Amino acid sequence: MISLEALSISAMFALCTCSTACMSAPLEEGDADEVASQQFAWTNLIYYQPLRSTSCTSSQYSVALNAFYEADKRISNADLWMVQSVIATFGPKPTDDWRRYIKWFGPPDGLATGSRLNRVIANIRRLKNALSGVTGPTGSFFEPGAQEPHWVINCSCTRLDAYAWVFPSTPWTIRLCPRYFNELPNLNWFGGLSQPGVLIHETSHFVAVADARDFAGEYAGAAALAASDPEAAIKNADNYAYFASNEDNFPMLLR
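About the criteria used
Residues numbered from 1 in each chain as written. Predicted model: local features only at pLDDT ≥ 70, side-chain atom pairs only at ≥ 80, totals over all residues. Heavy atoms only, no water. Helix = DSSP H or I, 4+ residues; strand = E, 2+ residues; numbered from the N terminus. Contact = heavy atoms within 4.5 Å. Disulfide = S-S within 2.5 Å. Buried < 20%, exposed > 50% of the residue type's maximum accessible area, 1.4 Å probe, protein only. Phe/Tyr/Trp six-rings, centres within 6.5 Å; stacked < 30°, edge-to-face > 60°. Lys NZ or Arg CZ within 6 Å of the ring centre and 35° of its normal. Core = buried A, V, L, I, M, F, W, Y, C linked by side-chain atoms within 4.5 Å. Salt bridge = Lys/Arg side-chain N within 4 Å of Asp/Glu carboxyl O. Pairing = 2+ DSSP bridges.

Asker: It is not clear to me how the overall build of the protein should be interpreted in this structure. Could you clarify?
Answerer: Within the protein, the secondary structure is distributed over 9 helices and 7 strands. Look at the contacts in the protein between residues 6 or more apart in sequence, and 68% of them connect residues 24 or more apart.

Asker: How do you make sense of the state of the cysteines when you look at a structure like this?
Answerer: Between two cysteines, a covalent bond joining their sulfur atoms is known as a disulfide. Following the criterion strictly, the structure yields 2 disulfides and no others. Disulfide pairing is shown between C56 and C155; the S-S distance is 2.0 Å. Its S-S torsion of about 90° marks the bond between C56 and C155 as right-handed, since a negative value means left-handed. Of this pair, C56 sits in the loop between β3 (49–54) and α2 (58–87) while C155 sits in the loop between β5 (151–154) and β6 (162–166); the two residues are 99 residues apart in sequence, bridging distant segments of the chain. By relative accessible area, C155 is classed as buried at 10%. One disulfide bridge connects C157 with C177, the sulfur atoms lying 2.1 Å from each other. Measuring handedness by torsion sign, the sulfur bridge of C157 and C177 sits at about 80° and is right-handed. Of this pair, C157 sits in the loop between β5 and β6 while C177 sits in the loop between β7 (173–176) and α5 (178–182), and the two are 20 residues apart along the sequence. For the pair C157 and C177, a shared accessibility class is recorded, and that class is buried. The connectivity of the disulfides in the protein is 1-2, 3-4, where the numbers refer to bonded cysteines in sequence order.

Asker: Can you help me understand the side chain of N123 in this one?
Answerer: With respect to the helices, strands and loops of the structure, N123 is situated in helix α4 (residues 116–131). Every residue in contact with N123, bar those within four places of it in the chain, is listed here: V209, A210, I234 and Y240.

Asker: It is not clear to me how the packing of aromatic side chains should be interpreted in this structure. Could you clarify?
Answerer: Per the stated rule, a full pass over the model turns up 15 aromatic pairs. One aromatic cluster is present, built from ring pairs that chain together W81, W98, Y101, F105, Y240 and F243. Directly above the aromatic system of F243 lies the positively charged group of R100, at a separation of 4.8 Å from the ring centroid. K103 extends its terminal NZ or CZ atom over the ring of W104, reaching a point 5.8 Å from the ring centre.

Asker: Help me understand the nonpolar core in this model?
Answerer: The tendency in soluble globular proteins is for nonpolar side chains to be buried side by side. Grouped together as the largest cluster of nonpolar side chains are 52 residues, with contacts concentrated most on M82, Y101, W151, L176 and F243. Listed in part, the 6 residues of the second largest apolar core include F215, A216, L225 and A233.

Asker: Would you explain the pattern of salt bridges in this entry?
Answerer: Opposite charge on two side chains lets them pair, provided their charged atoms get close. Under the criterion given, the structure shown has 8 salt bridges. Linking R179 and E183 is a salt bridge whose minimum nitrogen-to-oxygen distance equals 2.7 Å. Judged by its relative accessible area of 14%, R179 falls in the buried class. For R213, the salt bridge identified is with D211, shortest N-O distance 3.5 Å. The buried category is assigned to R213, whose relative accessible area is 18%. One network of salt bridges, in which partners are shared, links R119, E231 and K235.

Asker: I keep staring at the pairing of β5 and nothing clicks. Help me out?
Answerer: Every other side chain in a regular strand lies on the same face of the sheet, so the side chains alternate between the two faces. In β5, alternate side chains face the same way, and those of W151 and I153 on one face and V152 and N154 on the other are all buried. As defined by bridge partners, β3 adjoins β5 across 4 bridges and the pair is classed as parallel. Looking across to β5, one finds that R52 is bridged to V152.

Have a look at this one:
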């Protein structure tokens, strides 16, 4: 299995390969949450947003666009799980099947203000709103007042230690490296370490979305983090990618 590490260099976050997971500095609360609450908060936006490109071949653009389509499906499924299974039922019940949530974020801690569960719900919604409706390079439709992500994929990356990376404070550009196109499993692999999974991972790094970090990587590392430190897990990019991809095929809804 490919060994992953999320590498932090000069405020850049990349999905990288290494033998040992690297740990970022602890996440500071406050500013990021305030910014995120103002962008992609709880409004369920309905729009189409163009995907633009820089230094990409037509083949690379097509691969990336299809990956965005799949990432949209996965995070929308995750958002539906959270909304219909959690919010609509006014919180967890003893009979609920929480395996999917517990696997990646630890035990649910209720819907009180500031709870981990509430923060995950908000982050999933912002991920969904950020990744929804990506379409071809021309034209877009937005509801009045909606914030347009202006997605750009930049294929000029030449790094050999990364699949992709972003500047968290500068949405909405994702740098896609050769390994993203050459080594990652295609759309038929419903895993976190896949082309759509990497897009979810990288999108979660944006301060305007989840300001996620790279405390642990890969399936085993992300699952272990949820079991040992749920607070860190809800701030870890891979946990959102694996939760959305749901490769364990846990039930989509609690009931």
